[in-house]
Amino acid sequence: MPLRLRRKKKFNTKETSRLVEGEQTNAAGGSLPSLPAPTCRLVFHTQLAHGSATGRVENFSSIQELYAKIASVFEISPSEILYCTLNTPKVDMGKLLGAQIGLEDFIFAHVKGIKKEVNVYKSEDSLGLTITDNGAGYAFIKRIKDGSIIDSVKTICVGDHIEAINGETILGWRHFDVAKKLKELKKEELFTLKLIEPKKAFGHSVTGKANAADVLTQLWSEHLSGQRGQHEHRQPPLRDMEPRAKAGKSSTGRIGTGRETLRLRSKGPATVEEVPSETKAKSIGKVDDLLELYMGIRDIDLATTMFEAGKDKGNPDEFAVALDETLGDFAFPDEFVFDVWGVIGDAK
């Protein structure tokens, strides 16, 4: 079914990055008026995922500011933080922190661990990788497809930060640029990945059984939780991080359990917003699935931007124009646009 979807306008990569990092825009690509900053004091508890004391962070409006706050608490450089997960210290790609944080969420920061260099022979067109990024210049592996080329290389794991491809440093690249770079690698050739895995907890076993340190941590956490008021967070016990995960859970589940979330923005103050309805959250999750299928990336914030761009459009051609005005650098194929429009239509 030819749709005659046309590209009306292109934006540069910098503009595209700004949009997918969570800044609210209207269908014409312009910024909406900034909403007022939260009037209440929002304080979040945080730990280093491999183990640390509990700290508190507040007064941040972007991912970069949050990383800087966490780094200050634990006296490390912000560049050491690879990404954060919500309510679990495990490398759980379904619990990644994005542009929204539930008001009751506990933040775990995963920092740089062991560096490794891996040679991979590209015997097939598809590597079986899904790429995402932390919104602050670090791309990492979010999913590894069962039975794929990368699945056979056991030293490559979900959660690994990709530092360089064939000696070319990719720091500062967005996930879609990294996915494109990997896709363009020639078939039947050997290529090299420089990776950094997140730091693991010292003394933790890989069997999934808790050791004495785990038991003490849990008891201490339970003791602390009993001393806190009803508005304080119960500190989740540190668990053993699994050495490898095949596939993360749906990223729609990472917003948290609260009824409101803190929306981070690349420009302007953060705002408190209502959690999306179940129908909207499921639809955004389906758009995220389509991003992985067509583009080899997962980005729930990008999926949200696309959903918002299409919810008030009357037909797929109008939707395609809106996408080009806000996310032109992606050059989405017409088949992808049509499938996304179908998801939005179902939500309506």
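Residues numbered from 1 in each chain as written. Predicted model: local features only at pLDDT ≥ 70, side-chain atom pairs only at ≥ 80, totals over all residues. Heavy atoms only, no water.

## Looking at the environment of Lys 186
And then number 1: Mapping Lys 186 onto the fold places it in the loop between α3 (175-183) and β10 (189-198).
And then number 2: On the basis of relative accessibility, which here comes to 57%, the residue Lys 186 falls in the exposed class.
And then number 3: When the C-alpha positions of Lys 186 and Tyr 121 are compared, they lie 10.0 Å apart, and in sequence the two are 65 residues distant. (Helix = DSSP H or I, 4+ residues; strand = E, 2+ residues; numbered from the N terminus. Buried < 20%, exposed > 50% of the residue type's maximum accessible area, 1.4 Å probe, protein only.)

## Things to note about helix α2 (residues 63-74)
Owing to its 3.6 residues per turn, the α-helix brings residues three or four apart onto one side.
And then number 1: Between its terminal C-alpha atoms α2 stretches 17 Å, which fits the 16 Å expected from twelve residues at 1.5 Å a residue.
And then number 2: Those residues of α2 not exposed but buried are Ile 63, Leu 66, Tyr 67, Ile 70, Ala 71 and Phe 74. Summarising the axial view, the buried residues of α2 lie within an arc of 135°, below the 170-degree limit, and thus occupy one face.
And then number 3: Turning to α2, the residues buried within the fold contact β1 (43-48), β2 (55-58), β3 (81-86), β4 (100-102) and β5 (107-122).
And then number 4: Two residues or fewer after α2 comes Glu 75, characterised by a positive phi angle close to 55°. (Expected span 1.5 Å × (residues − 1). Arc of directions from axis to C-beta. Contact = heavy atoms within 4.5 Å.)

## Let's talk about the pattern of salt bridges
And then number 1: On inspection of all chains with the given rule, the structure shows 16 salt bridges.
And then number 2: One salt bridge in this structure joins Arg 143 and Glu 292, with 2.7 Å as the shortest N-O distance. With Arg 143 in strand β7 (residues 139-144) and Glu 292 in helix α5 (residues 278-295), the pair connects residues that are 149 residues apart, well separated along the chain. For the pair Arg 143 and Glu 292, a shared accessibility class is recorded, and that class is buried. (Salt bridge = Lys/Arg side-chain N within 4 Å of Asp/Glu carboxyl O.)

## Quick look at the pairing of β5
And then number 1: Strand direction decides the pairing type here: β1 and β5, joined by three bridges, are parallel. Bridge pairing links Leu 48 to Ala 109 in β5.
And then number 2: Pairing analysis gives five bridges linking β3 to β5, with the strands arranged antiparallel. Directly across from Tyr 83, in β5, lies its bridge partner His 110. (Pairing = 2+ DSSP bridges.)

## Details of the environment of Lys 183
And then number 1: Structurally, Lys 183 is set in helix α3.
And then number 2: The spacing of Lys 183 and Leu 129 is 54 residues in sequence and 9.8 Å in space, taken between C-alpha atoms.

## Observations concerning the environment of Pro 89
And then number 1: Position of Pro 89 among the secondary structure elements: in the loop between β3 and β4.
And then number 2: Separated by 21 residues in the primary sequence, Pro 89 and His 110 have C-alpha atoms spaced 7.9 Å apart.

## A short note on the pairing of β2
And then number 1: Only one face of β2 is covered, namely the one carrying Gly 55 and Val 57; the face carrying Arg 56 and Glu 58 has none of its residues buried.
And then number 2: Direction of pairing for β1 relative to β2: antiparallel, over a ladder of four bridges. Bridging from a neighbouring strand, Val 43 pairs with Glu 58 of β2.
And then number 3: What sits between β1 and β2 in their antiparallel hairpin is a turn of six residues, with Gly 51 showing a positive phi close to 125°.

## What to know about helix α6 (residues 300-310)
And then number 1: Counted residue by residue, α6 has ten buried out of eleven residues, so it is predominantly covered.
And then number 2: Every buried residue of α6 is accounted for by Ile 300, Asp 301, Leu 302, Ala 303, Thr 304, Thr 305, Met 306, Phe 307, Ala 309 and Gly 310.
And then number 3: Put simply, Asp 299 is the residue that caps the front of α6, since its side-chain oxygen is 2.9 Å from the backbone nitrogen of Leu 302. (Polar contact = N/O pair within 3.5 Å; in protein donor to acceptor, adjacent residues only side chain to side chain.)

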